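Per-entry structural report
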Amino acid sequence: MVQGDESCSTQLIDGDGNFNVEGVAKFMEQVKLAECGLSYAVVSIMGPQSSGKSTLLNHLFHTNFREMDAYKGRSQTTKGIWMARCTGIEPTTVVMDLEGTDGRERGEDDTAFEKQSALFALAVSDIMMINMWCHDIGREQAANKPLLKTVFQVMMRLFSPRKTTLMFVIRDKSRTPLENLEPILREDIQKIWDSVPKPAAHKDTPLSEFFHVEVTALSSYEEKEEQFNEQVAQLRQRFFHSIAPGGLAGDRRGVVPASGFSFSAQQIWKIVRENKDLDLPAHKVMVATVRCEEIANEKYLKFASNEFWCQLEESVQSGPVVGFGKKISSLLNTYLSEYNSEAIYFDESVRSAKQKQLEEKLLQLVQPAFQAMLGHIRSETLDKFKEALEKALSNGEGFSVAAESCTTLFMDQFDERCKDIVIELGKWDTFKVRDKLQRDIEAHVAAVRAAKLAELATLYETKLNEALSGPVEALLDEAGDGTWPAIRKLLKRETELAVFGLSTALKGFDMDEITREKMLAKLDTYARSLVESKAKEEAARVLMRMKDRFATLFSRDSDSMPRVWTGKEDIRAITKTARSSSLKLLAVMAAVRLDEDRDSIESTLSSALVESGSSAASKRSLTMGDPLASSSWEEVPSSKTLITPVQCKSLWRQFQTETEYSVTQAIAAQEAHKRNNNWMPPPWAMVALVVLGFNEFMTLLRNPLWLGVIFVAYLLIKAMWVQLDISGEFRNGALPGLLSLSTKFLPTIMNLLKKLAEEGQAPPTPNPPQNPIQVSKSIYNGVNSSTAFSSSASSEITSSDDRVEHSSS
């Protein structure tokens, strides 16, 4: 490439017919041809070899084409086709210098390359300059005629030729005026046009339909250089604004935009070299297709690598972006506008098609981010809906009202937020995502509704559990005639309260009557099942309950005080009463009686278990058989049976066995108490004592001092008796009693003597001397406090003191 101050040139096609792709690309970049759009012109020149074409171009357009050195002889200077920018001419004008025709260097190949270059020049040029000698005008065999024939013949290979300006430049004009030369030249041109074979479609088409003919003449460059320069300067002015209406190429057609010139020229030359007919409209479409696709791909790649888009795409992955739709739409419009500005001069249909493809590719690139934004909006709206619904419910708002109001509110919010992300070109609807959000909200509402209903059911079941479990257990523990009526009354009251509360709570759920009745019925069933399960639990512990009741009634009196078996109690009656009460407990636990159906369980158990010892019951059992030899009760369904008759009989036997020991112990304690409290000798011993001890008795009466000695001895013996708890020690047997007394006797005597000594050494007091009985009492108390005896011994001491005081008085 050759560069000047403002001009640069490059070889477009070399002498071997190779298209210089890289050179043309650099040339277009250097002259910024791609930015011209349609505002550019292409001028080409052809003519005989060494006819001064390059010289004319250099003077006319200020280019720097290589010129022939006249001192070296005439030879081929321009090989192939060269291209240069015209300096100082607007619009941008590119001139092509074609290899001269009729040259000796090419020999036989001259005609072929001549036609190829001429066809190429006609296809790409707006103005074709034909350089010819003035003295050849009017001659039949002169060099201009073969040249014109070549131009017209190759023109026929253009299916739809563009209207090209043919400018005949007459060199070395003689004295003959141009006004006389021009008609002759035009007549020769018309004859050549008429003689050229034409296709049927253009057989009668005039020359003016294909060419705009201009004729100009220049003086000799060598002989009249100054005049030549003046005429060239005048001719140069005609190339200013050549493509404007009225200009040299004002009526041109089928112009390829400047950005596609390189590709178009390359494809045209390829077709020409392959010796194919050239269809310019089809070629124009092909060029437009390639260039528009290149421009579209370039804009797509720029958009994909755009920093703002990359940041936006990355931000969308983590969360919603405010103003997403406007930002993306603005970015898309920017790149589409750039595409339109660069491709505006190409074929409209091709440009529109490629623009549509670019839009689709860009939208495909943007759509994932759009879908991500929709997903963020949907998830955020759903989360906010959940929070709002929960808050509304916690504030006491009715479920149906809260769900409906929150659904309407957040669906409207979703629609509003979707408007912010809508991309104008995309025309994507949000209905699918909206429907999914609607389904998600409905599913959440259904789930919360089910959870709240379950929570309500659980709440009232818990209340029923609290209200029934303890009282039912207490009533069953007391087990009497009014137990099951009381349980039924309790069950009815608490169930009605729970059902009323649940029914009131369900009003906010706007449910149908059938579902509501089912829930209330389920709660009623739960209450009954709760009582039945509690009854089953208590029935499983019936034996323990029976033993506890028997122990309570047998070992405690009517005032709930522990019984002391003194011998006056009727153990048989007490035992019968306690067992009858335990039997009633068994009868109550035998079946669930939540319905007011009557049964004969208690009478059957009483007759079979308690009255079985009587003669009447024995006769009845012999005639009727054992009423408890069955696995079910009469008038009681198996679902309501807790303890079968066979189980009752087994439990009663076990109960009797385990309570028999308590009765036996009571009887033994009563007998032992009788023996311990009966100190009077038998009557015969008393009579013998009176008869045999009469003399001793009379002696005592005669000597009252012995009475005092005997009385003191009695007090000491009584005190020793109480302190040693002789009666208590001998309850466990004679030998254990003796062993225990032997260890306690000496310490007790020493303790008594010590107390007596302390009392004798005490200083006298002004108070009168106390009764000896009281001293003895204090001695007894001191001994008792130092030797930690049982409560029974203490009670006996108290009773003994009372008797002593009574005797002394």
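An unreviewed UniProt entry annotates the protein as Protein ROOT HAIR DEFECTIVE 3 homolog originating from Kalanchoe fedtschenkoi. Its UniProt record gives the protein the following Function (unreviewed entry) comment, quoted word for word: "Probable GTP-binding protein that may be involved in cell development."

**Focus: the overall build of the protein**
Each helix and strand in the protein was counted, giving 27 helices and eight strands. Considering the protein as a whole, with its 809 residues, one finds that 43% of them fall into the buried category. Per element, the accessible surface of the protein, about 44,200 Å² overall, is 54% carbon and sulfur.

**A short note on the packing of aromatic side chains**
Evaluation of the coordinates by the stated rule reveals 14 aromatic pairs. Seen in terms of ring centroids, Phe370 and Trp428 are 5.0 Å apart; in terms of plane orientation they differ by 45°. Their pairing is tilted. Taken as a pair, Phe370 in helix H11 (residues 348-394) and Trp428 in the loop between helix H12 (399-421) and helix H13 (431-478) lie far apart in primary sequence, 58 residues in all. Lys361 extends its terminal NZ or CZ atom over the ring of Tyr300, reaching a point 4.5 Å from the ring centre.

**Focus on the confidence of the model for the protein**
Averaged over every residue, the pLDDT of the protein is 80; the share at 70 or more is 86%. Taken as a whole, residues 614-623 scores under 50 in pLDDT and shows nine contacts with residues more than four places along the chain or in a different chain. In this model, residues 767-809 is a region of pLDDT below 50 whose contacts with residues beyond four sequence positions or in other chains number 37 contacts.

**Things to note about the nonpolar core**
Counting 174 residues, the largest nonpolar core has Phe120, Phe152, Phe168, Phe211, Phe324, Leu605 and Ile643 as its most contacted members. Here this core gets 16 residues from one element, more than from any other, and that element is H11. Here this core spans two domains, since at least three of its residues come from each of domain 1 (9-276) and domain 2 (279-428). Those residues within four positions of Phe211 in sequence are excluded, and the remaining contacts are Leu122, Val151, Phe152, Met155, Lys163, Thr164, Leu166 and Trp193. Ranked by size, the runner-up nonpolar core spans 22 residues in total, among them Ile45, Val95, Ile127 and Val169.

**Focus on a negative patch on the surface**
On the surface, Glu596, Asp597, Glu634 and Glu635 cluster together into a negatively charged patch. Assignment of secondary structure puts Glu634 in the loop between helix H19 (615-624) and helix H20 (645-677). Overall, the relative accessible area of 65% leaves Glu634 in the exposed class.

**A closer look at helix H18 (residues 601-610)**
Along H18, the residues classified as buried are Ile601, Thr604, Leu605, Ala608 and Leu609. Considered in projection along H18, the buried side chains sweep an arc of 100° and stay on one side of the axis.

**With respect to a nonpolar patch on the surface**
Together, Phe745, Leu746, Met750, Leu753 and Leu756 make up an exposed nonpolar region whose accessible area comes to about 520 Å². The topology assignment puts Leu756 in helix H25 (residues 734-761). A residue is classified by how much of its surface remains accessible, and Leu756, at 41% relative accessible area, is partly exposed.

**Section: the UniProt feature "binding site: GTP" (unreviewed entry) in the protein**
Under the present numbering, the feature "binding site: GTP" (unreviewed entry) in UniProt falls on Gly47, Pro48, Gln49, Ser50, Ser51, Gly52, Lys53 and Ser54. Within the secondary structure, Gln49 sits in the loop between strand E3 (40-46) and helix H2 (53-61). Look at Gln49 and you get buried, because its relative accessible area is 18%. Within the element layout of this structure, Ser54 appears in helix H2.

**As for the side chain of Lys53**
Structurally, the position occupied by Lys53 is in helix H2. Here Lys53 occupies a buried position and makes no salt bridge, while the nearest side chain of opposite charge, Asp97, is found at 5.2 Å. If near-sequence neighbours (up to four positions away) are discounted, Lys53 is found in contact with Ile45, Met46, Gly47, Pro48, Asp97, Leu98, Gly100, Asn131 and Arg171.

**A few points about unusual backbone geometry**
A cis amide bond, omega 0°, links Glu90 with the succeeding residue Pro91. A positive phi is found at Lys32, a non-glycine position, where the angle reads about 55°. Looking at the secondary structure, you find Lys32 in the loop between helix H1 (21-31) and E3. Exposure remark for Lys32: the relative accessible area of 51% places this residue in the exposed category. Its identity as a non-glycine residue notwithstanding, His62 has a phi of 60°, on the positive side. In this structure, His62 sits in the loop between H2 and strand E4 (81-85). Taking the relative accessible area as the measure of exposure, His62 reaches 43% and is therefore partly exposed.

**Here we look at helix H10 (residues 324-343)**
In this model H10 runs 28 Å from its N-terminal to its C-terminal C-alpha over 20 residues, within 8% of the 28 Å that 1.5 Å per residue would give. Those residues of H10 that sit buried are Phe324, Gly325, Ile328, Ser329, Leu331, Leu332, Tyr335, Leu336, Tyr339 and Ala343. The buried residues of H10 all sit within an arc of 165° when viewed along its axis, so they share a single face. Of the surrounding elements, those touching the buried residues of H10 are helix H8 (280-304), helix H9 (307-318), H11 and H12.

**Re the pairing of strand E8 (residues 211-217)**
Among the seven residues that make up E8, six are buried, leaving the element largely enclosed by the rest of the structure. In the sheet, strand E7 (residues 164-171) pairs with E8 via seven bridges, with the strands oriented parallel. Bridging from a neighbouring strand, Phe168 pairs with Val215 of E8. You can see the chain leave E7, run along helix H5 (residues 178-195) and come back into E8, and the turn it takes is right-handed.

**Side note on the environment of Leu464**
Counting through the fold element by element, Leu464 comes out in helix H13. Leu464 sits in the buried class, given a relative accessible area of 1%. In the structure, Leu464 is positioned 30 residues away from Glu494 in sequence and 6.7 Å away in space, judged by C-alpha atoms. Setting aside its immediate chain neighbours within four residues, Leu464 contacts Ser469, Glu494, Thr495, Ala498, Leu523, Tyr526, Ala527 and Leu530.

**Examining the environment of Ser379**
Tracing the sequence through the fold places Ser379 in helix H11. Look at Ser379 and you get partly exposed, because its relative accessible area is 27%. Residues Ser379 and Leu437, 58 residues apart in the sequence, show an inter-C-alpha distance of 8.1 Å.

About the cut-offs
- Residues numbered from 1 in each chain as written.
- Predicted model: local features only at pLDDT ≥ 70, side-chain atom pairs only at ≥ 80, totals over all residues.
- Heavy atoms only, no water.
- UniProt positions renumbered as here; feature names shortened; annotations may be inferred.
- Helix = DSSP H or I, 4+ residues; strand = E, 2+ residues; numbered from the N terminus.
- Buried < 20%, exposed > 50% of the residue type's maximum accessible area, 1.4 Å probe, protein only.
- Areas by Shrake-Rupley, 256 points an atom, 1.4 Å probe, with all protein chains shown as cover.
- Phe/Tyr/Trp six-rings, centres within 6.5 Å; stacked < 30°, edge-to-face > 60°.
- Lys NZ or Arg CZ within 6 Å of the ring centre and 35° of its normal.
- pLDDT = per-residue confidence, 0-100.
- Contact = heavy atoms within 4.5 Å.
- Core = buried A, V, L, I, M, F, W, Y, C linked by side-chain atoms within 4.5 Å.
- Domains from an automatic or database assignment.
- Patch = residues over 30% accessible without salt bridge, like charges linked within 9 Å, V, L, I, M, F, W, Y side chains within 5 Å.
- Salt bridge = Lys/Arg side-chain N within 4 Å of Asp/Glu carboxyl O.
- Lys, Arg positive; Asp, Glu negative; His and termini not counted.
- Charge placed at Lys NZ, Arg CZ, Asp CG, Glu CD.
- Arc of directions from axis to C-beta.
- Expected span 1.5 Å × (residues − 1).
- Pairing = 2+ DSSP bridges.
- Right-handed = clockwise from strand over helix to strand, strands pointing away.

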